[in-house]
Number of protein chains: 2
Amino acid sequence: MNYQLLGPLRVIESSAFIAAPLAGLTLAQFGADVIRVDLIGGGIDYGRLPLAPGGRSLYWTGLNKAKRSIAIDIRKPQGRELLRALVAAPGPDGGVLLTNIATPWLSHATLASMRADVITCTISGNPDGSTAVDYTVNAATGFPAITGNGSMQAPVNHVLPAWDVACAYQAAFALLAAVLQRRHTGAGAELRLALSDVAFATLSNLGILAQAELSGQDRPNLGNHIHGAFGRDFATRDGQRVMVAGVSAGQWSALCAACGLGSEKEAMDEAARFAARDAIADVVAAWCAARDVSEVERVFESHKVCWGRYRTVSDLLANDPRVSLANPVFEQLTTPGVGSHRAAGTAVRLADRERSATVPAPWLGQHTEEVLTGVLDLDASAIGRLMDTGVVAGPQRDPYWR
Amino acid sequence: MNYQLLGPLRVIESSAFIAAPLAGLTLAQFGADVIRVDLIGGGIDYGRLPLAPGGRSLYWTGLNKAKRSIAIDIRKPQGRELLRALVAAPGPDGGVLLTNIATPWLSHATLASMRADVITCTISGNPDGSTAVDYTVNAATGFPAITGNGSMQAPVNHVLPAWDVACAYQAAFALLAAVLQRRHTGAGAELRLALSDVAFATLSNLGILAQAELSGQDRPNLGNHIHGAFGRDFATRDGQRVMVAGVSAGQWSALCAACGLGSEKEAMDEAARFAARDAIADVVAAWCAARDVSEVERVFESHKVCWGRYRTVSDLLANDPRVSLANPVFEQLTTPGVGSHRAAGTAVRLADRERSATVPAPWLGQHTEEVLTGVLDLDASAIGRLMDTGVVAGPQRDPYWR
């Protein structure tokens with residue numbers, strides 16, 4: 001938790017992979033008590049790459065910061081019953097499920113029969129429930145054919161699972177909207193969000209869908225040029241690479257002044273710059289090629305040009321102050337089973353509020369006992385029986401526990 | 001508005017480009033009264049590409065659906081005063097500003113002196129307020145060097161402004177969290193969100209930052225392979241292209257069965273599949289190359305393989321039922337000055353709630369009079385004076401008005 005805006009809202013997250021866990025992380029960073037449910041020993045994503053040198057997943061621990069963990073064998077009827085009980089537990093701040101596991105035994109109707117005002121948010125690949133992942137959805141967006149040197153015969157996939165990320169934040173938003181309404185009206189909500197809808201709605205929001213429909217033509221491949229404005233990458237004399245953008249009027253004036261583009265080019269509006277992008281790029285390319293990156297940086301900064309250096313992640317960590325510990329979004333986190341590493345809390349900043357330290361990802365089942373006690377009011381002997389029969393487990397059953 | 005969950009929350013959006021407008025759209029689709037403020041005749045993004053055949057921006061109209069529009073000359077002191085008054089107008093559901101224009105005359109402190117419980121959400125490029133756009137931030141994430149055939153010498157930019165999109169939904173989420181808290185405590189909030197923080201925090205959440213730090217190595221370029229699992233694109237006999245993924249156990253079994261990968265490969269876990277990706281891809285490539293896409297589709301669908309066709313946007317519109325009018329997320333919208341086209345509402349679905357039709361983007365200043373009357377209680381003569389002195393304008397001043 002970085003900021004306490006949502007507490008004591010409690011969210012039961014039965015999930016895997018990116019979209020649902022990242023939605024849960026978003027809620028947890030704002031103070032919700034997010035209880036992540038995993039199988040004993042870890043579910044499908046518990047060992048997902050990349051791994052820490054000791055073997056624990058950096059992917060799982062990255063997405064499950066700031067949450068509590070309960071390990072339940074949801075393949076057993078008793079485990080399923082327990083998960084439903086956690087979601088349906090009474091109190092105005094409970095009754096919220098976040099999941100990407102659409103299954104009849106955890107359906108909204110089943111949960112609503114236990115708690116009428118339950119809020120469920122279920123993320124799927126396609127809206128009909130058929131399987132899809134970020135990369136299979138992205139194939140249909142048209143982007144791979146216009147990325148890099150891509151074409152329909154040799155498409156270029158994105159590396160960032162952008163639709164998972166966009167879906168996650170939308171899910172967190174929608175869930176919060178439902179909570180806000182429940183506080184007013186007392187009514188629950190069944191929310192559904194499909195990766196494919198997220199992707200194709202984005203095409204509509206950016207005008208790309210309408211462009212294809214109304215012009216009858218698809219956007220051409222522009223390589224590294226920014227569509228509709230001026231922007232491209234350039235090499236410096238010492239072999240570094242910079243991205244330069246002139247989108248707003250201020251950015252454009254700054255670039256013109258820095259690279260001496262002249263008053264005729266400076267007078268161009270955004271569409272004119274886009275049309276003249278190759279001629280403009282020739283001048284900027286020659287200007288950059290004649291200077292080392294340190295000189296490019298000095299001139300660009302003094303003119304307030306909109307630009308950025310291409311970096312590897314190692315270079316970013318070592319040299320970019322925006323991910324240094326001087327940025328309060330980043331901290332040095334000690335994750336159990338992983339060690340000490342730099343990590344981000346929420347990207348949101350609240351002025352005049354104290355930002356709490358990020359709590360690292362838990363061991364699997366680290367909070368099994370306290371959740372069963374605190375949420376379900378089970379006593380020690382009931383918890384002991386659940387442990388003995390393998391329905392739940394504590395952190396000792398985490399494969400990396402030490 | 002597609003679902004009424006947030007009304008009568010009122011949000012004043014003084015913005016341009018993608019992140020802030022998309023955040024506003026997200027709020028508007030859930031029922032907030034989002035009032036977009038633009039310069040008379042349009043601001044910096046009003047004519048942004050792509051354009052409809054008649055000249056109106058599909059970009060602007062895509063991002064400003066479901067909002068009201070007021071045209072104010074905020075270069076004039078009176079216009080600035082009016083904008084501040086709109087934000088600070090009384091009532092429990094007002095007092096919210098969404099902007100990407102950080103400027104002293106619209107600062108949180110200034111607004112808080114007028115209305116103590118104001119909530120402001122300000123989006124910037126870099127956290128220090130310096131200029132940055134999606135593409136200059138993306139350069140530093142390491143992704144361009146590992147996309148397609150990219151390298152540090154020849155980076156490949158993404159085409160989707162993924163950080164703008166991620167920032168937008170996070171802003172909508174954070175703003176809603178602040179509204180929820182204000183309803184409990186009465187306190188306002190000053191929210192700030194930088195594109196660079198959004199991007200670099202994502203690297204942390206996905207384990208990529210820690211991977212580079214703890215291993216001392218950067219993720220290699222994998223071309224179109226999915227990192228950490230099996231997935232790649234393949235050509236079919238008739239020259240079509242498909243993306244195939246075997247991430248979950250079910251997806252992997254389905255692919256093994258469909259393409260006859262054999263029991264030895266089927267027994268591989270995710271990490272083993274990733275390690276053996278080239279050998280696996282050879283078999284799948286041969287299998288796809290021996291079949292037309294219709295046959296690939298038939299077999300994949302019958303085995304429930306996780307796959308997708310690469311499409312252009314035109315192909316998507318014409319042939320993918322997920323963007324057809326059979327999908328309630330999509331509708332045929334008539335946008336003034338643009339015409340009739342397919343468009344998306346919110347990607348979120350609420351079961352058992354009626355989904356209202358999307359309201360198309362307004363003319364610039366279409367709601368100037370009703371906003372000044374309804375929010376600021378100005379009478380006709382006061383509005384007339386503001387019109388006469390060029391402080392505000394109605395839709396007649398929209399350059400595409402007809």
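Scoring rules and cut-offs
Residues numbered from 1 in each chain as written. Chains lettered and ligands numbered in written order. Predicted model: local features only at pLDDT ≥ 70, side-chain atom pairs only at ≥ 80, totals over all residues. Heavy atoms only, no water. Core = buried A, V, L, I, M, F, W, Y, C linked by side-chain atoms within 4.5 Å. Buried < 20%, exposed > 50% of the residue type's maximum accessible area, 1.4 Å probe, protein only. Contact = heavy atoms within 4.5 Å. Least-squares fit on C-alpha atoms with pLDDT ≥ 70 in both. Helix = DSSP H or I, 4+ residues; strand = E, 2+ residues; numbered from the N terminus. Polar contact = N/O pair within 3.5 Å; in protein donor to acceptor, adjacent residues only side chain to side chain. Phe/Tyr/Trp six-rings, centres within 6.5 Å; stacked < 30°, edge-to-face > 60°. Lys NZ or Arg CZ within 6 Å of the ring centre and 35° of its normal. Pairing = 2+ DSSP bridges. Buried area = accessible area lost by both parts, 1.4 Å probe. Salt bridge = Lys/Arg side-chain N within 4 Å of Asp/Glu carboxyl O. Nonpolar A, V, L, I, M, F, W, Y, C, P; charged D, E, K, R; others polar. pLDDT = per-residue confidence, 0-100. Arc of directions from axis to C-beta.

As for the nonpolar core
- Judged by nonpolar contacts, the single largest core of 166 residues is most densely connected at A:Leu6, A:Leu27, A:Leu191, B:Leu6, B:Leu27 and B:Leu191.
- The contact partners of B:Leu27, leaving out residues within four places of it in the chain, are A:Phe173, B:Leu6, B:Val11, B:Ala32, B:Val34, B:Leu98, B:Ala172, B:Leu175 and B:Leu176.

So, the relation of the copies chain B and chain A
- When chain B is brought onto chain A, the operation consists of a screw motion whose angular component is 180 degrees and whose axial shift is 0.0 Å, with 0.0 Å RMSD remaining. Overall, the copies show the geometry of a two-fold rotation axis. In terms of proximity to the rotation axis, the leading residue of chain B is B:Phe173, whose C-alpha is 2.2 Å off the axis.
- Most of the interface of chain B is mirrored in chain A, where 100% of its interface residues are also at the interface.

What to know about the environment of B:Thr185
All names here are of chain B.
- Tracing the sequence through the fold places Thr185 in helix H6 (residues 162–185).
- Sequence separation between Thr185 and Asp117 is 68 residues, and the spatial gap between their C-alpha atoms is 9.8 Å.
- Polar contacts involving the side chain of Thr185 include one to the main-chain amide nitrogen of Ala187, which spans 3.1 Å.

Some remarks on the packing of aromatic side chains
- Tallying each qualifying case throughout the model produces 20 aromatic pairs over all chains.
- Each ring, one from B:Trp287 and one from B:Phe300, has its centre 5.3 Å from the other, and the planes form 10 degrees; the classification is stacked. Residue B:Trp287 is found in helix H12 (residues 277–289), and its partner B:Phe300 is found in helix H13 (residues 293–303); the two are separated by 13 residues along the sequence.
- For B:Trp287, a relative accessible area of 10% puts it in the buried group.
- Look at B:Phe300 and you get buried, because its relative accessible area is 0%.
- Grouping aromatic residues by their ring pairs yields a cluster made of A:Tyr3, A:Phe30 and B:Phe173.
- Here the guanidinium or amino end of A:Arg48 rests over the ring plane of A:Tyr59, the centre of that ring lying 5.0 Å away.

A closer look at the pairing of strand S10 (residues 330–335) of chain A
All names here are of chain A.
- Pairing between S10 and strand S11 (residues 339–344): six bridges, direction antiparallel. If you follow Gln332 over to S11, its bridge partner there is Arg342.
- A loop of three residues connects S10 with S11, the two strands running antiparallel in sequence, and Gly337 in this loop sits at a positive phi of about 80 degrees.

Brief notes about the interface of chain B and chain A
- In this complex, chain B contributes 142 residues to the contact, which on the side of chain A involves 143 residues.
- Of all residues in chain B, B:Phe173, B:Asn205 and B:Arg322 bury the most surface against chain A, accounting for 6% of the area lost on that side.
- Summed over the shared surface of chain B and chain A, the result is four salt bridges.
- The partner of B:Arg349 in a salt bridge is A:Asp197, and the shortest N-O contact between them spans 2.7 Å.
- Where chain B touches chain A, the interface holds 52 residue pairs in polar contact (both at pLDDT 80 or more).
- Residues that form the side of chain B that touches chain A fall into these classes: 82 nonpolar, 39 polar and 21 charged.
- Pairing of strand S6 (residues 189–194) of chain A with strand S12 (residues 348–350) of chain B, which is carried by three bridges, proceeds in the antiparallel orientation. Residue A:Arg192 lies in a different strand from S12(B), and its bridge partner there is B:Arg349.

Examining unusual backbone geometry
- The step from A:Gly7 to A:Pro8 runs through a cis peptide bond, and the omega angle for that step is 0 degrees.
- Within the secondary structure, A:Pro8 is located in the segment before strand S1 (10–14).
- The peptide bond linking A:Leu49 to A:Pro50 adopts the cis configuration, its omega dihedral lying at 0 degrees.
- Mapped onto the fold, A:Pro50 is located in the loop between strand S2 (33–38) and helix H2 (58–63).
- Its identity is not glycine, yet B:Asp352 carries a phi of approximately 65 degrees, on the positive side.
- Within the element layout of this structure, B:Asp352 appears in the loop between S12 and helix H15 (368–374).

Some thoughts on the confidence of the model for chain A
- Residue-level pLDDT values for chain A average 97, and 100% of them are 70 or greater.
- Predicted complex metrics record ipTM = 0.98 and pTM = 0.98.

Some details on helix H16 (residues 380–388) of chain A
Residue and element names in this part refer to chain A.
- Within H16, the full set of buried residues consists of Ala382, Ile383 and Leu386. Considered in projection along H16, the buried side chains sweep an arc of 100 degrees and stay on one side of the axis. Those residues of H16 that are exposed and angled more than 90 degrees off the buried face are Ala380, Arg385 and Asp388.
- Looking at the buried side of H16, the elements it contacts are helix H3 (77–88), helix H15 (368–374) and strand S13 (392–393).
- A positive phi of about 70 degrees marks Gly390, the residue just after H16.

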